[in-house]
Amino acid sequence: MGGTRYDLGARLSRAEAAGYGKKSASEIFTQNSLRMAHESMNPNGITFREARDSEVHPNSVPIILGLDVTGSMGHIPHELIKEGLPKLMGGIIQGGVPDPALLFLGIGDHECDRYPLQVGQFESGDEELDMWLTRTYIESGGGGNAGESYLLAWYFAAFHTKTDAFEKRGQKGLLFTVGDEPNLPTLPASAIKEIMGAEQQTYTHLELLQEAQKRYDVYHISVLHSDQAVRANVAWKELLGQNCLSIEDHREIPNIITRIICDKHKSSGLGTIPVSDATSTGLDNIQML
């Protein structure tokens, strides 16, 4: 995690110059034309991604956002780069949490896809977050195996992240996955070896959820844009209870995440500032969805 801040004004100017509001997903997410993941997001060989405090961000709040990049969900990253990401980061900061550190994961299907897991870095600055998001390869894969690999987000969070929030303050981070399928039930040791390049045991999704919950509050956002997604949502509700959030409009994703993060930190009294103190980065002009 670097020492940069999220500057909404600078981000809006850069986004306009880059044409985020007008360009297609294939024009923005250039890995799509290469049909391969960016080398910097290849998890093979990664030991840890770290969310550390800094002089600029003394109370870092680690947030992991695992985006389903299979066929039915590949439009979500495009919406985030156009409007959702500045609304998300701006809303969190304006809501009284000045030090969010956001890590993007691209989630696919470890039984079918070439790149079932892509990994960014924990970042706070607008330019860095745009960079990691647009490096994501929207593989648009998945298969007919009745699930996607959301459990890979739990695996990575549990075994390959370190945070000052937890180590120094005993404060859990927040982990969100977004999708429209059930979770695949098992992550075999052979898949972990292929994806991470490291020996591990086979895990069930329940085991990985329990491991991730030791250091993160775990949520899933179900996007109910099909009958299949509605059916999958039943299983997610049984698994996560109130930590499964169901939406019909994917544009609500920034609002939901912002509300959860800000409510958590208001109730804990950790890492909060008055809203008026956040306006130096232009956040006073933000318009939520």
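**Side note on the overall build of the protein**
Part 1 of the argument: When helices and strands are tallied, the protein shows 11 helices and 10 strands.
Part 2 of the argument: A compact globule built from 289 residues would reach a C-alpha radius of gyration of about 19 Å, and the protein, at 18 Å, matches this within 12%.
Part 3 of the argument: Principal-axis analysis of the C-alpha atoms places the extent of the protein at approximately 50 × 45 × 35 Å.
Part 4 of the argument: Taken across its 289 residues, the protein has 53% of its residues classed as buried.
Part 5 of the argument: By sequence separation, contacts in the protein at least 24 residues apart represent 81% of the contacts at least 6 residues apart.
Part 6 of the argument: In the structure as shown, the protein presents an accessible area of about 12,000 Å², 47% of it carried by carbon and sulfur atoms.
Part 7 of the argument: Put simply, the protein has 25 plus and 38 minus side-chain charges, and the middle of one group is 2 Å from the middle of the other.

**Looking at the packing of helix α4 (residues 75-94) against helix α11 (residues 253-268)**
Part 1 of the argument: Put simply, α4 and α11 touch, their axes get as near as 9 Å, and they point 30° apart. For the element pair α4 / α11, the angle class is roughly parallel. Read as a crossing pair, α4 and α11 show a hand that is right-handed. Where α4 abuts α11, its residues Ile76, Gly84, Lys87, Leu88, Gly91 and Ile92 lie against Ile253, Pro254, Ile257, Thr258, Ile261 and Cys262.

**Digging into the packing of aromatic side chains**
Part 1 of the argument: All chains considered together, the criterion is met by 6 aromatic pairs.
Part 2 of the argument: Measuring from ring centre to ring centre gives 5.7 Å for Tyr115 and Tyr137, while their planes differ by 80°; the resulting arrangement is edge-to-face. Of this pair, Tyr115 sits in the loop between β3 (100-107) and β4 (117-119) while Tyr137 sits in the loop between α5 (126-135) and α6 (151-159), and the two are 22 residues apart along the sequence. Per residue, the accessibility class of Tyr115 equals that of Tyr137, and both read buried.
Part 3 of the argument: Taking the centre distance of 6.1 Å and the plane angle of 85° together, the rings of Trp154 and Trp236 count as edge-to-face.

**Description of the sheet that holds strand β6 (residues 173-179)**
Part 1 of the argument: Pairing is mixed in the open sheet, where 6 strands are placed in the order β4-β3-β2-β6-β9-β10. Whereas interior strands pair on both sides, the edge strands pair on one side only; in this sheet they are β4 and β10 (244-247). Direction aside, the axes of adjacent strands within the sheet are offset by 20° on average.
Part 2 of the argument: As defined by bridge partners, strand β2 (residues 61-68) adjoins β3 across 8 bridges and the pair is classed as parallel. Residue pairing across strands places Pro62 opposite Ala101, the latter belonging to β3.
Part 3 of the argument: Contacting β2 and β3, α4 crosses the sheet at an angle of about 160° to β3.
Part 4 of the argument: Strand contacts of α6: β2, β3, β4, β6 and β9 (216-223), with the helix running at about 135° to β3, the strand carrying the most contacts.

**Regarding the nonpolar core**
Part 1 of the argument: Counting 42 residues, the largest nonpolar core has Leu65, Leu85, Leu102, Phe104, Phe176 and Ile221 as its most contacted members.
Part 2 of the argument: Considering each element in turn, this core owes the most residues, 8 residues, to α4.
Part 3 of the argument: When residues no more than four places from it in sequence are discounted, the contact partners of Leu85 are Tyr6, Leu80, Leu102, Phe104, Leu129, Asp130 and Leu133.
Part 4 of the argument: In terms of nonpolar packing, the next biggest core, distinct from the first, is built from 34 residues, Tyr150, Ala153, Phe156 and Leu208 among them.

**Considering the pairing of β3**
Part 1 of the argument: Burial within β3 is extensive, with 8 of its 8 residues counted as buried.
Part 2 of the argument: As judged from the 3 bridges shared by β3 and β4, these two strands associate in the antiparallel manner. Within β4, the position partnered with Gly106 by the bridge is Gln118.

**A look at helix α9 (residues 205-212)**
Because an α-helix packs 3.6 residues into every turn, residues spaced three or four apart end up facing the same way.
Part 1 of the argument: When α9 is considered as a whole, its buried residues turn out to be His205, Leu208, Leu209 and Ala212. Within α9, the buried residues cover an arc of 105° as seen down the axis, which keeps them to one side.
Part 2 of the argument: Against the buried residues of α9 lie α6, β7 (186-187), β8 (203-204), β9 and α10 (227-240).

**A word on empty space enclosed by the protein**
Part 1 of the argument: By the definition in use, this model includes 1 cavity of 30 Å³ or more.
Part 2 of the argument: One number sums up the size of the largest cavity: a volume of about 90 Å³.
Part 3 of the argument: When residues in the lining of the largest cavity are grouped by element, the largest group, 5 residues, is from α4.
Part 4 of the argument: Among the residues forming the lining of the largest cavity, the class breakdown is 5 nonpolar, 2 polar and 3 charged.

**Considering the pattern of salt bridges**
Part 1 of the argument: Under the counting rule described, the total for this entry stands at 15 salt bridges.
Part 2 of the argument: Between Arg11 and Asp130 there is a salt bridge, with its nearest N and O atoms 3.1 Å apart. One end of the pair, Arg11, is in helix α1 (residues 8-18); the other, Asp130, is in helix α5, and 119 residues separate them in sequence.
Part 3 of the argument: Note on Asp130: relative accessible area 2%, which makes it buried.
Part 4 of the argument: The closest approach of N and O atoms between Lys193 and Glu199, which form a salt bridge, is 3.5 Å.
Part 5 of the argument: Residue class for Lys193 comes out partly exposed when judged on its relative accessible area of 38%.
Part 6 of the argument: Since its relative accessible area comes to 63%, Glu199 is described here as exposed.
Part 7 of the argument: Overlapping salt bridges, with partners in common, bring together Glu50, Arg52, Asp53, Asp164, Glu167, Lys168 and Arg169 in one network.

What counts, and where the lines are drawn
- Residues numbered from 1 in each chain as written.
- Predicted model: local features only at pLDDT ≥ 70, side-chain atom pairs only at ≥ 80, totals over all residues.
- Heavy atoms only, no water.
- Helix = DSSP H or I, 4+ residues; strand = E, 2+ residues; numbered from the N terminus.
- Rg over C-alpha atoms; globule rule 2.2 N^0.38 Å.
- Buried < 20%, exposed > 50% of the residue type's maximum accessible area, 1.4 Å probe, protein only.
- Contact = heavy atoms within 4.5 Å.
- Areas by Shrake-Rupley, 256 points an atom, 1.4 Å probe, with all protein chains shown as cover.
- Lys, Arg positive; Asp, Glu negative; His and termini not counted.
- Charge placed at Lys NZ, Arg CZ, Asp CG, Glu CD.
- Axes fitted to C-alpha atoms, helices over the stretch in contact; angles between N-to-C directions.
- Parallel < 35°, antiparallel > 145°, perpendicular 65-115°, else oblique.
- Left-handed = near helix turned anticlockwise from the far one by under 90°.
- Phe/Tyr/Trp six-rings, centres within 6.5 Å; stacked < 30°, edge-to-face > 60°.
- Pairing = 2+ DSSP bridges.
- Core = buried A, V, L, I, M, F, W, Y, C linked by side-chain atoms within 4.5 Å.
- Arc of directions from axis to C-beta.
- 1 Å grid on protein atoms, 1.4 Å probe; cavity = no way out; pocket = protein on both sides within 12 Å on 5 of 7 lines; lining within 4 Å.
- Points joined across faces, edges and corners; volume = space filled by probe spheres on them.
- Nonpolar A, V, L, I, M, F, W, Y, C, P; charged D, E, K, R; others polar.
- Salt bridge = Lys/Arg side-chain N within 4 Å of Asp/Glu carboxyl O.

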